[in-house]
Structure formats: structure tokens, C-alpha cells
Amino acid sequence: MARDKHKVAENVDGHIKKKEIIENHPTISSLATLFLQKGERDLQVATANFDFGKEEKSTNLKSAFFNWVIVISYYSMFHSARGALAKIKVYVSDEHVHETVLNGMYHYYAYSGVIEKKIYYMLEDAKEARDKAIKLIEKLEAARKNRGDVNYEVAQAVIERTAKSSIDNAKEFIEVMRALIK
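Asks: For this particular structure, what's the right way to read the environment of Tyr 108?
Replies: Counting through the fold element by element, Tyr 108 comes out in helix H4 (residues 97–110). Spatially, the C-alpha atom of Tyr 108 lies 44 Å from that of Ser 58, the residues being 50 residues apart in sequence. Dropping the residues within four chain positions of it, Tyr 108 is found in contact with Val 12, Ile 16, Ile 21, Glu 23, Leu 85, Ile 88, Val 90 and Val 114.

Shown next, in the form of C-alpha cells:
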């Protein structure tokens, strides 16, 4: 479920006051492509783990490979999102970085209409374009939650279908971030 637009704006204001976000940063945009490349490499590693998991005979090891697919897929999305923020000169500090990136993506991209104007402009229905943009950021938020679940829950067993869905979401997300960064 999407975050409330007004609450996100308040959160971003708080991040700015705490210097967790610095707008119009003079040099951060030079790192946008590097963040994207890191995200793309992470996606390659997630895909390799998925392939290893599919071939693994041991159920425990299979689940462990798929577990890491979830974790690494999230990081691929996270790093590419940082790149998209860097592209528009938004610096995100390491303090509360995951939460700050999520709020930043909702604020600077989804709720400002940037994604729908740059990526989903071909849709005839403006509401559908706006909904797709918001759903894209929701996928980042869901990936973060899933990463936390498999990272911190001891008995979390990940199945192939869930891992595949995670990779598919990461591919879609990175494709959009690539378009925003290039």
C-alpha cells in the first residue's frame, strides 16, 4: 500500500532537517551511473543465486539460495533507486538510508509525476500512469520488507516462485531507474 503523500512530504522535510537528505548536492549526480551499475551487478548475482537454487538437490540449500535472491534483489533495487535520486542531485546520507531512499523515491519521483511523465507517458489514461508509478515504488518497499523477513526470521523458507517474483520485480524496477538515470 502506498504511503500517504502528505506524510511522505513531512518525512522528507524531517530528513532534510536532519541532513539525511541534501537537495541540490553539487557532486552526487556524478555517482548516479555508478549506483545504477551496482544495482545491475546485484541483479546479476541474484539471478546466479536463483539458477544455483533451481539446480540444488538439498531442500535446505535450495531455500538458502532463494533466500539470498530475495536479499540481493532488494539491494539491486535499492542501489538503483539511490542512483535515480543522485541523478536529480538528491544526496542521501547513510543514516536511516533505506527509509530515506523510500521516502525520497515516493516524494521526488512517484508523487511529483516524474516517473509517469518519463516512463509511462505512452499510457492514454493519466490515472493508470500515476498508479503504475506508485506501484513501482511500492515494489521497492515490499522488497525491503521481504528482505527483512528472510534476513531476520530464522525459520523463513523461500520457495522458487517467490524468488523468481523478486527477480522479476527487480528487473522491472532497474529498467525504469535506468531510463530515469540515462
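Back to the write-up after that little detour.
Asks: Whenever I open this one, the side chain of Ser 76 confuses me. Can you help?
Replies: Note on placement: Ser 76 falls in helix H3 (residues 59–87). A polar atom in the side chain of Ser 76 sits 2.6 Å from the backbone oxygen of Ser 73. Apart from the residues within four sequence positions on either side, Ser 76 is in contact with Gly 39, Asp 42, Leu 43, Ala 170 and Ile 174.

Asks: So what exactly am I meant to see when it comes to the packing of aromatic side chains here?
Replies: Two numbers describe a pair of aromatic rings. These are the distance of the centres and the angle of the planes. Throughout the structure, instances matching the rule amount to 6 aromatic pairs. Here the aromatic rings of Phe 50 and Phe 66 are separated by 5.5 Å at their centres, their planes lie at 35 degrees, and the arrangement is tilted. Remark: Phe 66 occurs in helix H3 and Phe 50 occurs in helix H2 (residues 32–55); sequence separation between them is 16 residues. The exposure classification of Phe 50 matches that of Phe 66, with both residues buried. Each residue in the set Tyr 74, Tyr 75 and Phe 78 is aromatic and connected to the rest through ring pairs, giving one cluster.

Asks: Is there a simple way to think about the pattern of salt bridges in this case?
Replies: Close approach of charged atoms allows side chains of opposite charge to pair. This structure, assessed with the given rule, holds 11 salt bridges. The shortest N-O distance in the salt bridge between Arg 144 and Glu 99 comes to 2.7 Å. Taken together, the residues span a long stretch of sequence, with Arg 144 in helix H6 (residues 126–152) and Glu 99 in helix H4 at a distance of 45 residues. Between Arg 130 and Glu 116 there is a salt bridge whose closest N-O contact spans 3.7 Å. Remark: Glu 116 occurs in helix H5 (residues 114–118) and Arg 130 occurs in helix H6; sequence separation between them is 14 residues.

Asks: Explain the environment of Ile 16 to me, please; I cannot follow it from the model alone.
Replies: For Ile 16, the position within the fold is in helix H1 (residues 5–17). Each C-alpha atom of the pair Ile 16 and His 79 lies 20 Å from the other, and the pair is 63 residues apart in sequence. Sequence-distant contacts of Ile 16, that is, excluding residues within four places in its chain, are made with Ile 21, Glu 23 and Tyr 108.

Rules used in this analysis
- Residues numbered from 1 in each chain as written.
- Predicted model: local features only at pLDDT ≥ 70, side-chain atom pairs only at ≥ 80, totals over all residues.
- Heavy atoms only, no water.
- Helix = DSSP H or I, 4+ residues; strand = E, 2+ residues; numbered from the N terminus.
- Contact = heavy atoms within 4.5 Å.
- Polar contact = N/O pair within 3.5 Å; in protein donor to acceptor, adjacent residues only side chain to side chain.
- Phe/Tyr/Trp six-rings, centres within 6.5 Å; stacked < 30°, edge-to-face > 60°.
- Buried < 20%, exposed > 50% of the residue type's maximum accessible area, 1.4 Å probe, protein only.
- Salt bridge = Lys/Arg side-chain N within 4 Å of Asp/Glu carboxyl O.

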